[in-house]
Amino acid sequence: MRKKIVAGNWKMNKTLEEGVKLVEETLQLFTAQPTDNAIMIFCPPFISLEKISLMVDGKSNVFTAAQNCYSEKSGAYTGEVSVSMIKSVGAQYVILGHSERRQYFDETNEMLARKTNLVLEEGLNPIFCVGELLEVREGNKQEELVGKQISEGLFHLSAEELQKVVIAYEPVWAIGTGKVATDEQAQEMHAFIRKILAAKYNAEVANEISILYGGSCKPSNAAGFFSQKDIDGGLIGGASLVATDFVGIINKFQ
Ligand code: PGA
């Protein structure tokens, strides 16, 4: 059974104090709901990761993720954060290759393949993001591009390693824009991703991977996405900053 996951990517939002308050409110709402079949992941900035990880420690179905990591194990890389540091504060997941990292920090598929290896070596789970820019979709080249992001970023992994990866499909034109992919557009890409995983590995492996949709997902549209057969949850930006919205999204699995 594939895991159902709703992950809240706070991006560069919330001070430590604000983050603690958000998690308190979110957990209060979440634990009051029958959400046993889905897991929730908080992805705060590094500075709050230890505190938030302690807050969710021992809670069933609640985990934390870092929003990024560096592509080397340790050393003279001032200002960077390694996977072992992330692990040491209790996070279980690491978001890799978010479109903002690809766009503003020039992260390449090759660099992301290295980061993926480091995350897996530490026994953590990557949330590997893919997605196309608007001009790529307008040129109907989205499958080619997402296929390349996946093959160059993940296809060096063994089947066993791949099964620890969560994939997030986030069309860049739908991130933070209020412009949402239709349920059909999202389902089509998720099915494509599963198809190429099945071709490279096998159908069983492809069926085990959780593939999340991201991009202006909110309580009002989440049910449509989550009812699609290849969509296993969401990577949520803006709506994860408001407890009622975030829990409202996860409850759409019911
Ligand atoms: P959004 O962001 O929900 O604010 O569109 C999604 C993301 O970037 O992960």
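Structural notes, computed from the coordinates. Just so it is clear, the model here is predicted, and its values are computed rather than measured.

**Observations concerning the packing of helix α7 (residues 142-154) against helix α9 (residues 183-200)**
And step 1. Between α7 and α9, the shortest axis-to-axis distance is 11 Å and the interhelical angle comes to 45°. Classified by the interaxial angle, the pair formed by α7 and α9 is oblique. Note that α7 runs across α9; the crossing there is right-handed. In this structure, α7 uses Gln142, Glu143, Val146, Gly147 and Ile150 to contact α9, whose residues at the interface are Met189, Phe192, Ile193, Ile196 and Leu197.

**Overview of the pattern of salt bridges**
And step 1. Counted according to the given criterion, the structure contains 13 salt bridges.
And step 2. With its nearest N and O atoms 2.8 Å apart, the salt bridge here joins glutamate 132 to arginine 137.
And step 3. By relative accessible area, which is 0% here, glutamate 132 ends up buried.
And step 4. Under the relative-accessibility criterion, arginine 137 is labelled buried at 14%.
And step 5. Note that lysine 229 is salt-bridged to aspartate 230, the shortest N-O span being 3.4 Å.
And step 6. Note on lysine 229: relative accessible area 65%, which makes it exposed.
And step 7. On the basis of relative accessibility, which here comes to 7%, the residue aspartate 230 falls in the buried class.

Quick notes on the rules
- Residues numbered from 1 in each chain as written.
- Predicted model: local features only at pLDDT ≥ 70, side-chain atom pairs only at ≥ 80, totals over all residues.
- Heavy atoms only, no water.
- Axes fitted to C-alpha atoms, helices over the stretch in contact; angles between N-to-C directions.
- Helix = DSSP H or I, 4+ residues; strand = E, 2+ residues; numbered from the N terminus.
- Parallel < 35°, antiparallel > 145°, perpendicular 65-115°, else oblique.
- Left-handed = near helix turned anticlockwise from the far one by under 90°.
- Contact = heavy atoms within 4.5 Å.
- Salt bridge = Lys/Arg side-chain N within 4 Å of Asp/Glu carboxyl O.
- Buried < 20%, exposed > 50% of the residue type's maximum accessible area, 1.4 Å probe, protein only.

Note that all results are geometric; they support no functional claim without further evidence.
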